[in-house]
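Analysis of the macromolecular model
Letter by letter, the chains look like this.
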Amino acid sequence: MDKLLFIKIVYIASAVLFMYGLKRMSHPRTAVRGNLYGVLGMILAVAATMWSDDVDQVSWIAGGIFGGAAIGVLLAYLIQMTAMPQLVALFNGFGGLASVIVAGAMLLLPGNQPSTSEWVATALTGIVGSVTFLGSTVAFGKLQELDLFKKSRRLPFPHLVNSLLFLTLIGVSIMMIYDQNDYLYVVLVLVASLLGFLLVNSIGGADMPVVIALLNSYSGLAASATGFVISNNVLIISGSLVGASGIILTRLMCQAMNRSLVNVLFGVMESGGGDDDDDVYSDVTQTAAEEVAMMLEFAQRVVIVPGYGLAVAQAQHAVQNLGQLLEEQGTTVEYAIHPVAGRMPGHMNVLLAEADVEYEKLIEMDHINPTMNTVDVAIVIGANDVVNPCSRTDKNSPIYQMPIIDVDKARAVIVIKRSLSPGFAGIANPLFALENTSMLFGDGKQMMLEITAAMQDA
Amino acid sequence: MTFRRKGFDVLKGVDLSMQPNVQASVFLATALLLVVGLDVPTRAANQPSDSRSAVTVEQASDAASADPDQAPERQGVVLGSRSQTTIASLTIFVLAIFVGFEIITKVPPTLHTPLMSGSNAISGITLVGAVIVAGHSGGLPWLGMVAVALATINVVGGFLVTHRMLSMFIKRK
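Residues numbered from 1 in each chain as written. Chains lettered and ligands numbered in written order. Predicted model: local features only at pLDDT ≥ 70, side-chain atom pairs only at ≥ 80, totals over all residues. Heavy atoms only, no water.

This part takes up the overall build of chain A. On a plain count of helices and strands, chain A comes out with 18 helices and six strands. Taken along its principal axes, the extent of the C-alpha atoms in chain A is 80 × 50 × 35 Å. Counting across all 458 residues of chain A, residues that qualify as buried make up 59%. The long-range fraction of contacts in chain A, counting pairs at least 24 apart against all pairs at least 6 apart in sequence, stands at 78%. Here chain A displays about 17,800 Å² of accessible surface, and carbon together with sulfur accounts for 61% of that area. Distance from the positive charge centre (23 side chains) to the negative charge centre (38 side chains) of chain A: 6 Å. (Helix = DSSP H or I, 4+ residues; strand = E, 2+ residues; numbered from the N terminus. Buried < 20%, exposed > 50% of the residue type's maximum accessible area, 1.4 Å probe, protein only. Contact = heavy atoms within 4.5 Å. Areas by Shrake-Rupley, 256 points an atom, 1.4 Å probe, with all protein chains shown as cover. Lys, Arg positive; Asp, Glu negative; His and termini not counted. Charge placed at Lys NZ, Arg CZ, Asp CG, Glu CD.)

Next comes the structure, spelled out in structure tokens:
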């Protein structure tokens, strides 16, 4: 059989494996196998490429694969689940940079005379890949809370600077394609990297779920563009699958925050004035762990609403323990997860799964809201803006119309929080002052342990 | 093996009455035929008119790498097959985006983080390009090695960490 045709068929098989693997991600039970299909697809694609006549030496490849695999294994096993967003950002960046290098090196391959469309694809890879690379690096720095990236510094006239950089990119691309000039690729990469840096550097920490999803999409599109450079279908297909996945997640995250993508990328999240906080909080009820334990003892249905504060306090296991205790006494326990509860899409679910909470108990916002009025006790821990009823009523609020978990409809609400300080949106939360709300001030983990202890004593 | 029951709207309502494994292979075979079908005619139609036909590029490349032994048989993935038209590539790209949308919208929010890290690993498919660069003695293999290493971190790390997370979701079962 024609060797080239055979290799191409292997590529198709590997593309199908990727699709089928992602398909199986639709349920936790089938997802593990799905991921393994992806691994198989990758092995097939790489093996076929190594076997092709394009490869006449393997020493450099072997060096790269062994080195990269060692680092990859280390990172994957050492990473804490709370640091997952950083890791994904880092991997995105590596993928983007690899695409940039491949497209650039293809220009220098002897005997390779790229056609115009391949030059266009090279330019696109350079732009998207570089934006992904430096953008992801900055996102990593912000999520890791490195001092360098702590503040979302804004340049004077950010729109003007970004637009100028973007126009420069288009200009350089056209010149590069027209002159077929290798050197301009380097210029293109540098300018695009600068743009990636500036774009992500101006985005605040609360918007990181959107940024990571978007960069995820870009890393796929960069791989897809590389596929056009080397006329390889498996790259085009896999890259566009990832591109589509990233776009969907970006859209979901934007909807969950009720903001447009443009607003997240370029807008300023206006902070509500803190001046009326005292009015809002004039009638706050405070409670103690023992009282909460008593309430829980008589509750039939308890819903726990976790936010990222829960992960910061490392309270996942304490929460799971309390949940288990409640279940032993016959109470229904569920976890209501807001789409932006963590720092990346689905992050909170992973954190709770790590603490042995069964995935059947992790309920999406849209599914739990209709039955919220039958909940006896809702425990809000480490969450703030995502349970702020302002979003339904106050047209002037910056989070107006943001979808929230309607805990205020529960018969009783316990909010575990260190103080009355505002969340990311910087606005007061009238939930804290509601009649059916009691505040339990303190560290999330500490309070959970105290409630559990009080329940065991009783 | 539940693609008839959940999702794959194309097959909805069509009772194929087959074992799940048979279904899977039929699906695979159909996909194979489709893409091969898309690929082969463009190759045939393209070769005579393309001034930079595969042979010319191969010869140029072999002259540069000074390897006369392999010259006529050399069938590279890249240099030997620059035959797919841009429009065919674009077609595949657009169709794959649609498939992606169909598949990904069915992933529940619970699995969005593993989905991201898993799809992230898949985007490391650029490793294929990196392997070609690093394996070509005439080019810049050291630069290719850097790209191979970066893409491998992406692929190996991504799949492993996804596996780690997914195992947490089912460990109590």
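Past the structure itself, the notes keep going.
At the junction of the two partners, chain B supplies 108 residues and chain A supplies 123 residues. In total, chain B and chain A occlude about 10,700 Å² of area from one another, counting both sides; carbon and sulfur atoms represent 73% of this. Between chain B and chain A we count zero salt bridges in total. Connecting chain B to chain A are 16 residue pairs in polar contact (both at pLDDT 80 or more). (Buried area = accessible area lost by both parts, 1.4 Å probe. Salt bridge = Lys/Arg side-chain N within 4 Å of Asp/Glu carboxyl O. Polar contact = N/O pair within 3.5 Å; in protein donor to acceptor, adjacent residues only side chain to side chain.)

All right, on to the nonpolar core then. In terms of nonpolar packing, the biggest core is built from 152 residues, with Met84(A), Leu296(A), Tyr335(A), Ile379(A), Ile416(A), Ile451(A) and Ile125(B) touching the most fellow members. When residues in this core are grouped by element, the largest group, 14 residues, is from helix α4 (residues 84-107) of chain A. In this structure, Ile416(A) is in contact with Ile379(A), Val380(A), Ile381(A), Gly382(A), Leu440(A), Gly442(A), Gly444(A), Met447(A), Met448(A) and Ile451(A), ignoring residues within four places of it in sequence. The next biggest cluster of nonpolar side chains, apart from the first, holds 34 residues, and it includes Ala336(A), Met365(A), Val387(A) and Ala428(A). (Core = buried A, V, L, I, M, F, W, Y, C linked by side-chain atoms within 4.5 Å.)

Here the focus is the packing of α4(A) against helix α6 (residues 141-170) of chain B. For the pair α4(A) and α6(B), the least separation of the axes is 8 Å and the interaxial angle reads 150°. Compared by their axis directions, α4(A) and α6(B) come out roughly antiparallel. For the element pair α4(A) and α6(B), the recorded crossing hand is left-handed. Here Met84(A), Leu87(A), Phe91(A), Phe94(A), Gly95(A), Leu97(A), Ala98(A), Ile101(A), Val102(A) and Ala105(A) of α4(A) come into contact with α6(B), specifically with Leu143(B), Val146(B), Ala147(B), Leu150(B), Ala151(B), Ile153(B), Asn154(B), Gly157(B), Gly158(B), Val161(B) and Met165(B). In terms of residue class, the contact of α4(A) with α6(B) is built from 17 nonpolar, four polar and no charged. (Axes fitted to C-alpha atoms, helices over the stretch in contact; angles between N-to-C directions. Parallel < 35°, antiparallel > 145°, perpendicular 65-115°, else oblique. Left-handed = near helix turned anticlockwise from the far one by under 90°. Nonpolar A, V, L, I, M, F, W, Y, C, P; charged D, E, K, R; others polar.)

This part covers the packing of aromatic side chains. Residues and elements named next belong to chain A. All told, the structure shown has three aromatic pairs over all chains when counted by the stated rule. When the ring of Phe-6 is compared with that of Trp-51, the centres are 5.9 Å apart and the planes differ by 85°; the resulting orientation is edge-to-face. Linking Phe-6 in helix α1 (residues 3-23) with Trp-51 in helix α2 (residues 28-51), this pair joins segments that are 45 residues apart in sequence. According to the relative accessible area criterion, Phe-6 is partly exposed, its value standing at 38%. (Phe/Tyr/Trp six-rings, centres within 6.5 Å; stacked < 30°, edge-to-face > 60°.)

This part covers the confidence of the model for chain A. Looking at chain A, pLDDT values average 88 and 96% of them are 70 or higher. Overall, residues 271-275 of chain A carries pLDDT values under 50, and its contacts beyond four positions in sequence, including any with other chains, amount to five contacts. (pLDDT = per-residue confidence, 0-100.)

Bringing the sheet that holds strand β5 (residues 412-417) of chain A into the picture now. Residues and elements named next belong to chain A. Pairing is parallel across the open sheet formed by six strands, whose spatial order is β3-β2-β1-β4-β5-β6. Every interior strand has two partners, whereas the edge strands, β3 (362-364) and β6 (437-441), have only one. Each neighbouring strand pair of the sheet contributes to a mean axis angle of 25°, computed without reference to strand direction. As defined by bridge partners, strand β1 (residues 301-306) adjoins strand β2 (residues 332-337) across four bridges and the pair is classed as parallel. Bridged to Val-302 within β2 is Val-333. (Pairing = 2+ DSSP bridges.)

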